[in-house]
Amino acid sequence: MNRETELRLIREALALKEKGETQYHETTQTHQIERYVSENWFQREKETLFLGSPLAIGLAIEVPNIGDYRSIETVNGLSLLMVRGQDDQVRVFANACRHRNARLVATGESGCRKRFSCPYHAWTYDSEGALVGAPDFERGFSDMDKKQLGLIEFHSRVVEGVVFVHLNLEQQVPEDILAEEMIKGFEYLNLARLRIYKRRSYIVKANWKILTEGGIEAYHFNVAHRNTLAPFFLGNLSTWETWGGLNMRMVLPKKPLLEAHKLAESEWDLRQMANIIYSIAPAMLFLAQPDNISMIKMTPLNPGETRIEEVLLVEAPKAGGEDWSEQELTMHETNHNLVNKILSEDWVLGETIQANMESGAVSQIHFGRFESALTWFHHEYEKAIGLTSTGDLIDTIVSS
Ligand code: FES
Ligand SMILES: [Fe+2]
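Residues numbered from 1 in each chain as written. Chains lettered and ligands numbered in written order. Predicted model: local features only at pLDDT ≥ 70, side-chain atom pairs only at ≥ 80, totals over all residues.

**Considerations on the overall build of the protein**
Phase 1: A tally of helices and strands in the protein yields 11 helices and 19 strands.
Phase 2: Considered along the principal axes of its C-alpha atoms, the protein spans approximately 80 × 60 × 35 Å. (Helix = DSSP H or I, 4+ residues; strand = E, 2+ residues; numbered from the N terminus.)

This is the structure in structure tokens:
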């Protein structure tokens, strides 16, 4: 974001704080719980949002050097192989051998290689996906052409460091996948040039939308995070904006915002005065804190289970070189653990919500006027999965 936007966001938060207000939706909103528990609903989500639209799968800095690769698990049990080729381009392949479909690389594995040799019969691919070797190929597969047997490549595009793929092989990732203001926001965060500190991956027994909802409202801070986040924030205060679809930016003001009036505007620094969240459709969040950014990626496994990947992104070592100082390492490790502690507070609640929804104890949930980003999220979500009215939904999805 440019400086003018940074100042505008600070002014907006200050104005709301002075009035004791936050960003509202005009009305409350009520939803039936089917969208969190129904198998048919989940299928519709997968087909439209995850398999039928561009999907953010990670960052190009996860494969920073030529030959670097990482296997990435996504929906439907699909395993992807993200590789930086010898030409420095990031590509995304199906992690599946063209012979008889064995996985080339184990789930979650990463490293650096020139060749990927299948563990079953050693068909071997280069880092651009071409089949470059197969034992006894001419004798066994004399009527086949190696050139036609390269790895399946999905269309992908890297935008300001974020790697998008389209899992429908017929579809491209559009050039304007991110609004200009999102791109400027990522530039402001230096996202494409950060380093990976560490990652965690685990499963939470809750629908991915419940977990997303916990990430885009501040109403719960003083209660659910009373001992972690609450002392640093300004209670139920947040602002957010969107540029269409399920992409948004949220500002969560912190106590240093209260000092803004004592400073010249030239000294205002949004990174110090607020946490900033960017949400990318359908299920990736970037949480920017002063010294780091957390990438939180959600992969729905079934209606009541979501794989979470937390990746802590930090600046390169201050002194240059590859290694962080002892002091930097201590800070990053503390932050890595703190983010997990805070998220775990949300996940525990998410699991109780899911269990209650599945038990049918209560049939509805409600969003308050100040949970306005949740109202926005569900509105856009309904459009994205092709639903026009709530009555419609339950009839067309649940009973289909
Ligand atoms: S399945 Fe990969 S070489 Fe046979
Ligand atoms: Fe939370």
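**A short note on the domain arrangement of the protein**
Phase 1: Domains assigned within the protein are domain 1 (3–52 + 180–398) and domain 2 (55–166).
Phase 2: Once you take the C-alpha centre of each, domain 1 and domain 2 turn out to be 31 Å apart.
Phase 3: Across the boundary between the two partners, domain 1 contributes 18 residues, which contact 15 residues of domain 2.
Phase 4: Those elements that place two or more of their residues in the side of domain 1 that touches domain 2 are helix H3 (39–50), helix H5 (180–188), strand S12 (195–204) and strand S17 (292–302).
Phase 5: The class makeup of the residues in the side of domain 1 that touches domain 2 is 12 nonpolar, two polar and four charged. (Domains from an automatic or database assignment. Contact = placed C-beta atoms within 7 Å. Nonpolar A, V, L, I, M, F, W, Y, C, P; charged D, E, K, R; others polar.)

**Examining the sheet that holds strand S15 (residues 274–280)**
Phase 1: Pairing in this open sheet of seven strands is antiparallel, and the strands run S12-S18-S17-S16-S15-S14-S13 from one edge to the other. Where the open sheet ends on each side, the last strands, each with one partner, are S12 and strand S13 (239–242). Mean inter-strand twist for the sheet, computed between neighbouring axes without regard to direction, equals 15°.
Phase 2: Pairing of S12 with strand S18 (residues 305–314) involves nine bridges; the strand directions are antiparallel. In the strand pairing of S18, Ile196 is matched with Leu313. (Pairing = 2+ DSSP bridges. Axes fitted to C-alpha atoms, helices over the stretch in contact; angles between N-to-C directions.)

**Some details on helix H1 (residues 3–19)**
Phase 1: Given a rise of 1.5 Å per residue, 17 residues ought to cover 24 Å, and the 25 Å separating the end C-alpha atoms of H1 matches this to within 8%.
Phase 2: Listed as buried for H1 are Leu9, Ile10 and Ala13. The buried residues of H1 occupy one face: seen down the axis, they fall within an arc of 95°. H1 presents Arg3, Glu4, Ala15, Glu18 and Lys19 as exposed residues on the side facing more than 90 degrees away from its buried surface.
Phase 3: The inward-facing, buried residues of H1 abut S13, strand S14 (248–253), helix H8 (270–273) and S15.
Phase 4: Phi for Gly20, located one or two positions after H1, is positive at around 70°. (Expected span 1.5 Å × (residues − 1). Buried ≥ 20, exposed ≤ 12 C-beta atoms within 10 Å, placed from the backbone. Arc of directions from axis to C-beta.)

**Let's talk about the pairing of S13**
Phase 1: Pairing analysis gives four bridges linking S13 to S14, with the strands arranged antiparallel. Bridge pairing links Trp240 to Met250 in S14.
Phase 2: The turn joining S13 and S14, which pair antiparallel and follow one another in sequence, is formed by five residues; a positive phi near 105° is taken by Gly244.

**Description of the environment of Glu34**
Phase 1: Among the secondary structure elements, Glu34 is positioned in helix H2 (residues 34–37).
Phase 2: Note on Glu34: 17 C-beta atoms within 10 Å, which makes it partly exposed.
Phase 3: Residues Glu34 and Glu358 lie 324 residues apart in sequence; the distance between their C-alpha atoms is 9.2 Å.

**Looking at the packing of helix H6 (residues 208–215) against helix H9 (residues 326–359)**
Phase 1: At a closest axis distance of 9 Å, the pairing of H6 and H9 adopts a crossing angle of 140°. Here H6 is positioned oblique relative to H9, judged by the angle of their axes. Our pair here, H6 against H9, has a crossing hand that is right-handed. Across the interface between the two elements, Ile210, Leu211 and Gly214 from H6 touch Asp346, Trp347, Leu349, Gly350, Ile353 and Gln354 from H9.
Phase 2: Partitioning the contact of H6 with H9 into residue classes produces five nonpolar, three polar and one charged. (Parallel < 35°, antiparallel > 145°, perpendicular 65-115°, else oblique. Left-handed = near helix turned anticlockwise from the far one by under 90°.)

**So, unusual backbone geometry**
Phase 1: The omega angle of the peptide bond from Ala281 to Pro282 is -10°, so this bond is cis rather than trans.
Phase 2: Within the element layout of this structure, Pro282 appears in the loop between S15 and strand S16 (284–289).
Phase 3: One non-glycine residue, Asn76, lies in the positive phi region at around 65°.
Phase 4: Position of Asn76 relative to the elements: it lies in the loop between strand S3 (68–73) and strand S4 (79–84).
Phase 5: Accessibility expressed as a C-beta count within 10 Å gives 13 for Asn76, which makes it partly exposed.
Phase 6: Phi at Asn101 is positive, roughly 80°, even though this residue is not glycine.
Phase 7: As for its position among the elements, Asn101 is in the loop between strand S5 (90–94) and strand S6 (110–112).
Phase 8: Residue Asn101 is classed as exposed on the basis of its C-beta count, with 10 C-beta atoms lying within 10 Å.

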